[in-house]
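# Observations on the three-dimensional arrangement
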Amino acid sequence: TKNRRRADHALSMYHFNHAGASPSPASVIERVKQHLEWEQEMGGYAAAEAVTEELNSIYQSIATLIHADGPNEIALVESATVAWTRAFYAMAEKQLRDHPNRNVILLSEAEYAANVVAACQWARSHSWTVLAIPSSSTLTTNPDHHRQVATSTGKVDVEILQQMLDGNYLYTDPHDESKIRLDPNRIALVCIAHVPTNSGIVNPVESIGLLVSEYNLRHKDGSVPILYLVDACQSVGQIDIDVGGIQCHALVATGRKYLRAPRGTGFLFVASSILESLIPAHVDHFGFPVGNVPTSYQDGFAIQNLLDFAPRPDARRFEFWESSAAGRLGLGVAVK
């Protein structure tokens, strides 16, 4: 019977795993295939040079999509995790450099595993502390006991976050289980997953951003004491994202989910207000272009003092030289 069905007509597949990978529209696939054919004909470098204008237009398309100020705030990367870790390590390094007493990272309880691992690894290496912001709860009726019980919503409790920022929150010391009052002057980063991977939770990123912004505004020295990083991997493409309304300092997303772009694509937004002060942990000569190249090296002379290079002025300082032009072009079509 199955063979007869296949002979009579093509079987239809209904795809529901958009939280993992959405099938791309035909226009996206055709754009990728077309560029791969060009690469086969003329080589990868020449093919990319032929579509320079189209590749550059992708930055503006993404800026428009998330209501950023402009293309200078956008970097193209391979995935949301790549974007998140590049932003996170740069932000943590900035805090270590500018605010050495700030050594607490706040995460949402439903944070993505890769983000938690990176934050905890940094904390172990630098003697920092990682705390989960407790989730809010709602009252539900237990059918067995006919009484109401508190059930976690999984969403960040903004009232508890306010307590953390006001210095009215106690957490448990893992060594002796004593209670410690969280000093808000120790908070360096707030990292929130907008829509977690494994549930339908939608965290109140705008309310969280407002609290962080109000805290930062109370510091009149012009510094940004707390940095706010949002993982929008599950929301870009299905929820309207306004980075200005969220008031985040950085936001990341992938192409392969609700944007329906090819796998291996993604982007990073970095607010221009802090961009200049962020130095990526890993760089190459694309993000940090080389200026004057010495004609020769002197025996025994330190090379770092000879080579002239500096970070790009825009978010592309987080990019590397090598990338998939075909994938990026597919991302551009998907975003549009």
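Please refer to the structure higher up on the page.
Residues numbered from 1 in each chain as written. Predicted model: local features only at pLDDT ≥ 70, side-chain atom pairs only at ≥ 80, totals over all residues. Heavy atoms only, no water.

Grouped together as the largest cluster of nonpolar side chains are 51 residues, with contacts concentrated most on I74, L106, V190, Y228, L251, F267 and F269. What L251 contacts, discounting residues up to four positions off in sequence, is L229, V230, A232, I241, V243, I246, F267, L268 and F269. Ranked by size, the runner-up nonpolar core spans 32 residues in total, among them A75, L107, C191 and L229. (Core = buried A, V, L, I, M, F, W, Y, C linked by side-chain atoms within 4.5 Å. Buried < 20%, exposed > 50% of the residue type's maximum accessible area, 1.4 Å probe, protein only. Contact = heavy atoms within 4.5 Å.)

What follows is about a nonpolar patch on the surface. On the surface, V290, V293 and F309 cluster together into a nonpolar patch covering about 260 Å² of accessible area. Within the element layout of this structure, V293 appears in the loop between α10 (272-275) and α11 (325-335). Under the relative-accessibility criterion, V293 is labelled exposed at 57%. (Patch = residues over 30% accessible without salt bridge, like charges linked within 9 Å, V, L, I, M, F, W, Y side chains within 5 Å. Areas by Shrake-Rupley, 256 points an atom, 1.4 Å probe, with all protein chains shown as cover. Salt bridge = Lys/Arg side-chain N within 4 Å of Asp/Glu carboxyl O. Helix = DSSP H or I, 4+ residues; strand = E, 2+ residues; numbered from the N terminus.)

Our focus in this paragraph is the packing of aromatic side chains. Applying the stated criterion to the full structure yields six aromatic pairs. With 4.9 Å between their ring centres and 10 degrees between their planes, W84 and F88 make a pair best called stacked. Here the residue W84 and the residue F88 both occupy positions in helix α5 (residues 80-98), the gap between them amounting to four residues, near one helical turn. For W84, a relative accessible area of 1% corresponds to the buried category. Note on F88: relative accessible area 1%, which makes it buried. When the ring centre of F286 is taken as origin, the NZ or CZ atom of R312, which lies over that ring, is 4.9 Å away. Stacked on the ring of Y59, the Lys or Arg R316 has its end atom at 3.6 Å from the ring centre. (Phe/Tyr/Trp six-rings, centres within 6.5 Å; stacked < 30°, edge-to-face > 60°. Lys NZ or Arg CZ within 6 Å of the ring centre and 35° of its normal.)

On to the pattern of salt bridges, then. Close approach of charged atoms allows side chains of opposite charge to pair. Following the criterion strictly, the structure yields seven salt bridges and no others. The closest approach of N and O atoms between R312 and D314, which form a salt bridge, is 3.2 Å. The salt bridge involving E319 is made with R328; its shortest N-O contact spans 3.6 Å. A single network of salt bridges, built from pairs that share partners, joins K94, R97 and D98.

By volume, the largest pocket is sized at about 540 Å³. As for the largest pocket, its lining consists of 21 residues, and the residues nearest its centre are A48, L55, W321, S323 and R328. Those elements that place two or more of their residues in the lining of the largest pocket are α3 (44-50), α4 (52-65) and α11. In this model, the second largest pocket occupies a volume close to 350 Å³. Secondary-structure elements contributing two or more residues to the lining of the second largest pocket are α8 (205-217), α9 (243-246) and α10. (1 Å grid on protein atoms, 1.4 Å probe; cavity = no way out; pocket = protein on both sides within 12 Å on 5 of 7 lines; lining within 4 Å. Points joined across faces, edges and corners; volume = space filled by probe spheres on them.)

Tracing the backbone through its elements, the reader meets D284 in the loop between α10 and α11. In this structure D284 is buried but unpaired, with R86 as the nearest side chain of opposite charge at 8.3 Å. Within polar-contact distance, the side chain of D284 engages the backbone nitrogen of W321 at 2.8 Å. Beyond its immediate stretch of four places on either side in the chain, D284 contacts E319, F320 and W321. (Lys, Arg positive; Asp, Glu negative; His and termini not counted. Polar contact = N/O pair within 3.5 Å; in protein donor to acceptor, adjacent residues only side chain to side chain.)

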